[in-house]
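Observations on chain architecture
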Amino acid sequence: AARGEQALVSRTIDRRLEQMTEDVVSATIWDDAWTSTAPRLDMAWIDTNFGEYYAEYMGHDRTVLFDAADGLRYASAGGEITPVADAAAFAKAVVPLLAEVRAAEAGLAADFGFAGNVTRTRIVSADDAVWLVVASTVTPENDLRTAAGSAPIVVSARQIGADFLAGLQKDLGVASPRLLAATDA
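Conventions used here
- Counting restarts for each chain, with residues numbered from 1 along the sequence as it is written.
- Local features in a predicted model are, by the rule used here, given only for residues with pLDDT of at least 70; side-chain atom pairs are given and counted only at 80 or more, and totals for whole chains, interfaces and linings are based on all residues.
- Each side-chain value is worked out from all heavy atoms of the structure, with water and hydrogens disregarded.
- Helix numbers and strand numbers start at the N terminus; a helix is a DSSP run of H or I with at least 4 residues, a strand a run of E with at least 2.
- The reference for a compact globule is 2.2 Å times residues^0.38; the radius of gyration itself is calculated from the C-alpha atoms.
- Only protein chains enter the calculation, and the probe is 1.4 Å; a residue is then buried if its accessible area is under 20% of its type maximum, exposed if over 50%, and partly exposed in between.
- Should any heavy atoms of two residues lie within 4.5 Å, those residues are counted as being in contact.
- Computed with the Shrake-Rupley method and a 1.4 Å probe, the accessible areas treat only the protein chains shown as cover for residues.
- Within this document, salt bridges are pairs made up of a side-chain nitrogen of Lys or Arg and a carboxyl oxygen of Asp or Glu, the two lying within 4 Å of each other.

**A few points about the overall build of the protein**
Broken down by element type, the protein carries six helices and six strands. Its helices and strands in sequence order give the protein the pattern α-α-α-β-β-β-α-α-β-β-β-α, from N to C terminus. Rg of the C-alpha trace for the protein: 17 Å, near the compact-globule value of 16 Å for 185 residues, within the 12% margin. C-alpha extents for the protein along the principal axes are approximately 55 × 35 × 30 Å. The buried share of the protein, reckoned over its 185 residues, is 43%. When contacts within the protein are restricted to residue pairs at least 6 apart in sequence, long-range pairs at least 24 apart make up 62% of them. Total accessible area computed for the protein in this model is approximately 9,500 Å², and 52% of it derives from carbon and sulfur atoms.

**Concerning the side chain of threonine 12**
By secondary structure assignment, the location of threonine 12 is in helix 1 (residues 2–28). Look past the residues within four positions of threonine 12 in its chain and what remains in contact with it is Leu168 and Leu172.

**With respect to the pattern of salt bridges**
Applying the stated criterion across every chain, the model contains eight salt bridges. Taking the shortest distance from any N to any O, the salt bridge between arginine 40 and aspartate 42 comes out at 3.7 Å. What makes arginine 40 partly exposed here is its relative accessible area of 49%. The class of aspartate 42 is partly exposed, set by a relative accessible area of 24%. Between arginine 102 and aspartate 70 there is a salt bridge whose closest N-O contact spans 2.7 Å.

On their own, these measurements won't tell you what the molecule is for.
Laid out in structure tokens, this is it:
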């Protein structure tokens, strides 16, 4: 029974990551997103269309934006702008995910649309919490790029906390779900 519940939870988490990917891509493959992040950073636009949007409509807890050089340039928590310094530990925890995105981005034949977008997912531990994380390149819908190079990356996350676990219990009927350290049986 325990193995069955573990498999069910694992499939549910995979599906939630897939849904989060769809959520994130809904705002990252967009001409407006490209023109508001790639040539220059329009912080008001970024806050409204990434931070607030993902929090309010998608239930994401944290969103950050990295520029084309992988510098952390924007951070929000619960849809509210936070100082990027407050997201430093989270940003450090997602560095391997950024590396995966950059490696895949280098092999792309297209620079726009779905064919030019790269997304990756991961479960990350940062700031004494565990997060479901999606990273996506900001990609124009049309051929707007004036030069080759890396795209900005949006990273959005949902915390696996008490509310998330209560949702698993309610949705899946799993009795008393809890997080264990990776070293625990």
